[in-house]
Amino acid sequence: ALSLDTGTCYQQAKRVLHAAVPEHLHGREREAGTIRQFLRDHICGQRPGSLYISGPPGTGKTACLGRVLLDCKAELAGSKIIVLNCMALSSPAGIFPAVAQELALPAASGREAVRRLQKKLTAQGPMVLLVLDELDQLESKGQDVLYTLFEWPQLPGSRLVLVGLANALDLTDRSLARLAACPAGSPQLLHFPPYTREQLTAILTERLGQVPGEPVLDAAALQFCARKVSALCGDARKALDVCRRAVEVVELEVRSQTLLKPLPGGEC
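What counts, and where the lines are drawn
- Residues numbered from 1 in each chain as written.
- Predicted model: local features only at pLDDT ≥ 70, side-chain atom pairs only at ≥ 80, totals over all residues.
- Heavy atoms only, no water.
- Axes fitted to C-alpha atoms, helices over the stretch in contact; angles between N-to-C directions.
- Helix = DSSP H or I, 4+ residues; strand = E, 2+ residues; numbered from the N terminus.
- Parallel < 35°, antiparallel > 145°, perpendicular 65-115°, else oblique.
- Left-handed = near helix turned anticlockwise from the far one by under 90°.
- Contact = heavy atoms within 4.5 Å.
- Nonpolar A, V, L, I, M, F, W, Y, C, P; charged D, E, K, R; others polar.
- Disulfide = S-S within 2.5 Å.
- Buried < 20%, exposed > 50% of the residue type's maximum accessible area, 1.4 Å probe, protein only.
- Phe/Tyr/Trp six-rings, centres within 6.5 Å; stacked < 30°, edge-to-face > 60°.
- Lys NZ or Arg CZ within 6 Å of the ring centre and 35° of its normal.
- Core = buried A, V, L, I, M, F, W, Y, C linked by side-chain atoms within 4.5 Å.
- Salt bridge = Lys/Arg side-chain N within 4 Å of Asp/Glu carboxyl O.
- Pairing = 2+ DSSP bridges.

## Some thoughts on the packing of helix α8 (residues 197-208) against helix α9 (residues 219-232)
At step 1: Across the interface, α8 lies against α9 with an axial gap of 8 Å and an inter-helix angle of 135°. Put simply, α8 runs oblique to α9. Seen along the crossing, α8 lies across α9 with a hand that is right-handed. Touching Arg197, Leu200, Thr201, Leu204, Thr205 and Leu208 of α8 are Leu222, Gln223, Cys225, Ala226, Arg227, Val229 and Ser230, all from α9.
At step 2: Tallied by class, residues from the contact of α8 with α9 come to seven nonpolar, four polar and two charged.

Below, the structure is given as structure tokens:
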């Protein structure tokens, strides 16, 4: 009979199809290299600066940056790393007390909070890497919050390296046009295109290849899923979700048949 514990191949398959940060990111070698070089130039080279990463949902932006940060842990050891998701903030201006808390500054609000942060980030000390995911949540009337953040690396004596991630390709053109007036103030741009059919197939094959034994889903099923998802959106998370649901269907079918006949190949 089919074992119901987490050791079954179906449970393992569902586990590997979750959108965690994998050991290797298929189809994102170029982007990972760009991020790695940016961090080396600015954090290791002690040069303040900013990087804006854009791309539709599920194109690997957060996962790729997470992988690079893990891989470069030793190189970045001397710096202060702050990673915040802007979706968790109640308002755009909430980013300032959130960063202040990470830098162990006393609580403050409004202009005082911004002033204290500016003073801290231009004082002597290690480089500060500030990663802001879902950056488009900080858009506000007049874009004061975004302008303040992206202008900080340009301040005399600044030790801030800012990395922002968002879905919108044109956020910097639309909301930060004023920065373009000062070329040094414009962030470096990196765009993540939607995944192709081949890339999605490689991602799904690699994930399911971690499960020992016969494949839970055959190659034709994976290619069909990759083709459909790439045509729609190129979102790797959607492809992983579809395959996870497919595994659940197979698991239920096998479970319903176990009373009638044994599983092929014995224990799964």
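## Concerning the state of the cysteines
At step 1: Throughout the structure, instances matching the rule amount to zero disulfides.
At step 2: Looking at Cys44, it has no disulfide partner, and the nearest cysteine sulfur is the one in Cys72, 7.5 Å off.
At step 3: Classification of Cys44 by relative accessible area gives partly exposed; the value is 40%.

## A look at the packing of aromatic side chains
At step 1: Tallied over the entire structure, the rule returns one aromatic pair.
At step 2: Lying across the ring of Tyr195, Arg28 places its NZ or CZ 4.1 Å from the centre.

## Considerations on unusual backbone geometry
At step 1: With a phi close to 50°, Gln46 is a non-glycine residue in the positive phi region.
At step 2: Relative to the helices and strands, Gln46 resides in the loop between α2 (29-44) and β1 (49-54).
At step 3: Classification of Gln46 as exposed rests on a relative accessible area of 58%.
At step 4: Of note in this structure, Glu134 is not a glycine but carries a positive phi near 55°.
At step 5: Checked against the element boundaries, Glu134 lands in the loop between β3 (128-133) and α6 (144-151).

## Observations regarding the nonpolar core
At step 1: Judged by nonpolar contacts, the single largest core of 30 residues is most densely connected at Ile95, Phe96, Leu130, Leu132, Leu135, Leu138 and Leu149.
At step 2: Elements supplying a minimum of two residues to this core: β2 (80-85), α4 (95-102), α5 (110-121), β3, α6 and β4 (160-166).
At step 3: Top element by residues in this core is α4. It accounts for five residues.
At step 4: Leaving out residues up to four positions away in the same chain, Leu130 has contacts with Ile82, Leu84, Val99, Leu149, Leu160, Val161, Leu162 and Val163.

## Observations regarding helix α3 (residues 61-71)
At step 1: For α3, the complete set of buried residues consists of Lys61, Ala63, Cys64, Leu65, Arg67, Val68 and Leu69.
At step 2: At its buried positions, α3 is contacted by α2, β1, β2, β3 and β4.

## Section: the pattern of salt bridges
Opposite charge on two side chains permits pairing when their charged atoms draw close.
At step 1: For the structure shown, the criterion picks out nine salt bridges.
At step 2: Between Asp241 and Arg244 there is a salt bridge, with the nearest N and O atoms lying 2.6 Å from each other. Note that Asp241 and Arg244 are positioned in helix α10 (residues 236-257) at a spacing of three residues, about one turn of the helix.
At step 3: Given the relative accessible area of 28%, Asp241 is considered partly exposed.

## Let's talk about the sheet that holds β4
At step 1: Within the open sheet, the five strands sit side by side as β2-β3-β4-β1-β5. Their pairing is parallel. In this open sheet, the two strands that pair with only one neighbour each are β2 and β5 (188-191). Across the sheet, the axes of successive neighbouring strands diverge by a mean angle of 15°, strand direction being ignored.
At step 2: As paired elements, β1 and β5 share four bridges and run parallel to each other. Pairing of Ile53 across the sheet is with Leu190, part of β5.
At step 3: The strands touched by α2 within the sheet are β1, β3, β4 and β5, with β5 carrying the most contacts at an inclination of about 160°.
At step 4: Of the strands in this sheet, β2 and β3 are in contact with α4, which crosses β2 at around 145°.

## Section: the pairing of β1
At step 1: Most of β1 is tucked away: six of the six residues are buried.
At step 2: Where β1 and β4 come together, six bridges link them in parallel fashion. Along β4, the bridge assignment pairs Ser54 with Ala166.

## Considerations on the environment of Glu102
At step 1: Mapping Glu102 onto the fold places it in helix α4.
At step 2: A relative accessible area of 35% places Glu102 in the partly exposed class.
At step 3: Between the C-alpha atoms of Glu102 and Ile81, which are 21 residues apart in sequence, the distance is 9.2 Å.

Keep in mind these values describe shape, not function.
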